[in-house]
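Take a look at the letters that make up each chain.
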Amino acid sequence: MTHVLVLTSDPQAGALDEEIYRNLGEALAAEFGAAAPPRRLDRASAAEFAPREGAPERLAEFARALLGAAPVDVNVVPAEGRRKKLLVADMESTLIENEMLDDIAHLLGIGERVAAITRRAMNGELDFRAALNERVGLLEGQDAGLLERAAEGIRTIPGGAALARTMKADGALTAIVSGGFTFFTARVRQALGFERDYANTLLLDGAKLAGAVAEPILGREAKLATLERLAAELGISPRDTIAVGDGANDLAMLGAAGMGVAFRAKPVVAAQAKLRIDHGDLTALLFLQGYTRDAFVT
C-alpha cells in the first residue's frame, strides 16, 4: 500500500452512507486488492480505503465513476507521512465566507464594483498586487470605523476551529497567511484558535483610511515564502506541511506543500490542485491526514 483513498462529504448531509461505503469497499478490493480493511473516519461524512496497488489517478477515477453524482469528495494521498506538522491557511473564502474588502465596499454602496475586481483577481485574471491597490484606493478618506462594522459580519466556515485546535494539540504549528488585512486576520486567529497570522496592513490617516497598503504586500509569492520560512523555522521539509486556499494567489503555496488543498476553490485553482474539497467542510483536512472524528479537539 503506497496510497490511501479518502472520501469526505458535508457532515450535515450524510451523503457517505453505509451503502456507498460498503459497495465502494467491495469494488475497490475486487479491482485493486485490499492492504487493510476500509476505515470509517466519521459515521456519515468520511472514510478511507487502503488498496494494495493502483496509481493515484486510476484509484480516484475508479471511485468517482462508482460515486457518480454523489456529493462526495475523492482524494488520494500518500500512505506515509500523512500527519502534518505545519498548517498554513488562507482566510477569505477559506476560513471565513467573507471577502472583507467586498464587505467594506458594500457598506459604501460600491460593493459590486469591488466584488467584480476581487472575482477576477482570485481567478488569476488580474495581477493580485494591482487589483489590491485599485480596490483599497477606492476607500481613501473613509472613516476607519468601517473596519469594525465589517468585522461584525465575519462568518466562519464550519470546521476551522476543529482543524486548528486538533493539529495544535497534536504538536503542529497553525498559521493564517492571507492577502487580506491584519485587522481581520487577528480576529479570526483568536476565534478559531490559530497560533499566528500574517497579512497586509491597511494604512490610516488619522481616523480615516489612507487608501493604501503598507509595503511589502503579501501576495502569491509572499504566501509561498511564508510557508517555506515557517517550515525552516520548525526544521521540517515542505513535505511535512499542509496548505489550504481557494484563490489564484494561493497556488504557489498549495503546490509547495506536502498536502495542498483547494477548498471550494475558483476554477483555475481547482483545475491545478492535486487535492480538492468541494463538498466537505474544513474538517476534511483532518480526515485527509487520517484523524477520526472522535480525535477532534473542539
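See above for the structure.
So, here is what we can say about the structure in this document. (Residues numbered from 1 in each chain as written. Predicted model: local features only at pLDDT ≥ 70, side-chain atom pairs only at ≥ 80, totals over all residues. Heavy atoms only, no water.)

Re the pairing of strand β5 (residues 86–89)
Now for step 1: The two faces of β5 match: Leu86 and Val88 on one face and Leu87 and Ala89 on the other face are all buried.
Now for step 2: As paired elements, β5 and strand β6 (residues 173–181) share four bridges and run parallel to each other. Within β6, the residue paired with leucine 86 across the bridge is leucine 173.
Now for step 3: Here four bridges tie β5 to strand β10 (residues 241–245), and the two strands are oriented parallel to one another. Among the inter-strand pairings, leucine 86 is bridged to a residue of β10, identified as threonine 241. (Buried < 20%, exposed > 50% of the residue type's maximum accessible area, 1.4 Å probe, protein only. Helix = DSSP H or I, 4+ residues; strand = E, 2+ residues; numbered from the N terminus. Pairing = 2+ DSSP bridges.)

Here we look at helix α1 (residues 18–32)
Now for step 1: Along its 15 residues, α1 runs 21 Å from first to last C-alpha, staying within 8% of the 21 Å computed at 1.5 Å per residue.
Now for step 2: For α1, the set of buried residues is Tyr21, Leu24, Gly25, Ala27, Leu28 and Phe32.
Now for step 3: Capping the start of α1 is the job of one residue whose side-chain oxygen sits 3.2 Å from the backbone nitrogen of glutamate 19: aspartate 17.
Now for step 4: One or two positions beyond α1, positive phi appears at glycine 33, with a value near 80°. (Expected span 1.5 Å × (residues − 1). Polar contact = N/O pair within 3.5 Å; in protein donor to acceptor, adjacent residues only side chain to side chain.)

Remarks on the sheet that holds strand β12 (residues 275–277)
Now for step 1: Here six strands make up an open sheet; going across it, the order is β7-β6-β5-β10-β11-β12 and the pairing parallel. Each edge of the open sheet is held by one strand with a lone partner, namely β7 (196–200) and β12. Pairs of neighbouring strands in the sheet enclose a mean axial angle of 20°, with direction left out of account.
Now for step 2: Where β6 lies against β7, four bridges are found, and the strand directions are parallel. Paired with valine 177 across the bridge in β7 is tyrosine 198.
Now for step 3: Where helix α7 (residues 160–169) meets the sheet, it contacts β5, β6 and β10, and its direction lies at approximately 160° from that of β5. (Axes fitted to C-alpha atoms, helices over the stretch in contact; angles between N-to-C directions. Contact = heavy atoms within 4.5 Å.)

What about the packing of aromatic side chains?
Now for step 1: Under the defined criterion, the tally for this structure stands at four aromatic pairs.
Now for step 2: Plain terms: the ring middles of phenylalanine 32 and phenylalanine 62 are 5.3 Å apart, the flat faces sit at 85° to each other, and that makes the pair edge-to-face. Separated by 30 residues along the polypeptide, phenylalanine 32 in helix α1 and phenylalanine 62 in helix α2 (residues 56–67) bring together distant segments of the chain.
Now for step 3: Classification of phenylalanine 32 as buried rests on a relative accessible area of 2%.
Now for step 4: Judged by its relative accessible area of 21%, phenylalanine 62 is partly exposed. (Phe/Tyr/Trp six-rings, centres within 6.5 Å; stacked < 30°, edge-to-face > 60°.)

Some details on the sheet that holds strand β2 (residues 34–42)
Now for step 1: Spatial ordering of the open sheet is given by β2-β3-β1-β4, a layout of four strands whose pairing is antiparallel. Single-partner strands in this sheet number two, and they are β2 and β4 (72–78). Averaged over all pairs of adjacent strands, the angle between strand axes in this sheet comes to 15°, irrespective of strand direction.
Now for step 2: The pairing of strand β1 (residues 3–9) with strand β3 (residues 46–51) spans four bridges and is classified as antiparallel. From the neighbouring strand, threonine 8 faces β3, where its bridge partner is alanine 46.

Focus: α7
Now for step 1: For α7, every residue scored as buried is listed here: Gly160, Ala162, Leu163, Ala164, Thr166 and Met167.
Now for step 2: Looking at the buried residues of α7, the elements they touch are β5, β6, α8 (182–192), β10 and α12 (284–288).
Now for step 3: One or two residues past the end of α7 sits glycine 171, with phi positive at roughly 100°.

Some points on the environment of lysine 223
Now for step 1: Examined against the element boundaries, lysine 223 turns out to sit in helix α9 (residues 220–234).
Now for step 2: A relative accessible area of 0% places lysine 223 in the buried class.
Now for step 3: Expressed as a C-alpha distance, the spacing of lysine 223 and glycine 179, which sit 44 residues apart in the sequence, is 8.1 Å.
Now for step 4: Leaving out residues up to four positions away in the same chain, lysine 223 has contacts with Asp90, Val177, Ser178, Gly179, Leu218, Asn249, Asp250 and Met253.
Now for step 5: A polar contact of 3.0 Å, which involves the side chain of lysine 223, links it to the side chain of aspartate 90.

Examining the packing of α1 against α2
Now for step 1: Axis separation between α1 and α2 bottoms out at 11 Å; the angle between their running directions is 140°. Considering the angle they form, α1 stands oblique to α2. Crossing of α1 over α2 shows right-handed handedness. On α2, the residues that touch Ile20, Leu24, Ala27, Leu28, Glu31 and Phe32 of α1 are Arg58, Leu59, Phe62, Ala63, Leu66 and Leu67.
Now for step 2: Its residues assigned to classes, the contact of α1 with α2 shows ten nonpolar, no polar and two charged. (Parallel < 35°, antiparallel > 145°, perpendicular 65-115°, else oblique. Left-handed = near helix turned anticlockwise from the far one by under 90°. Nonpolar A, V, L, I, M, F, W, Y, C, P; charged D, E, K, R; others polar.)

Structural notes on the side chain of glutamate 92
Now for step 1: Tracing the chain through its elements places glutamate 92 in the loop between β5 and α3 (100–107).
Now for step 2: This buried residue, glutamate 92, is left without a salt bridge; arginine 135 holds the nearest opposite charge, at 6.8 Å.
Now for step 3: Separated by 2.6 Å, the side chain of glutamate 92 and the backbone nitrogen of methionine 100 make a polar contact.
Now for step 4: For glutamate 92, the residues in contact, after removing those within four places along its chain, are Asn98, Glu99, Met100, Leu101, Ser178, Gly180 and Asp246. (Lys, Arg positive; Asp, Glu negative; His and termini not counted. Salt bridge = Lys/Arg side-chain N within 4 Å of Asp/Glu carboxyl O.)

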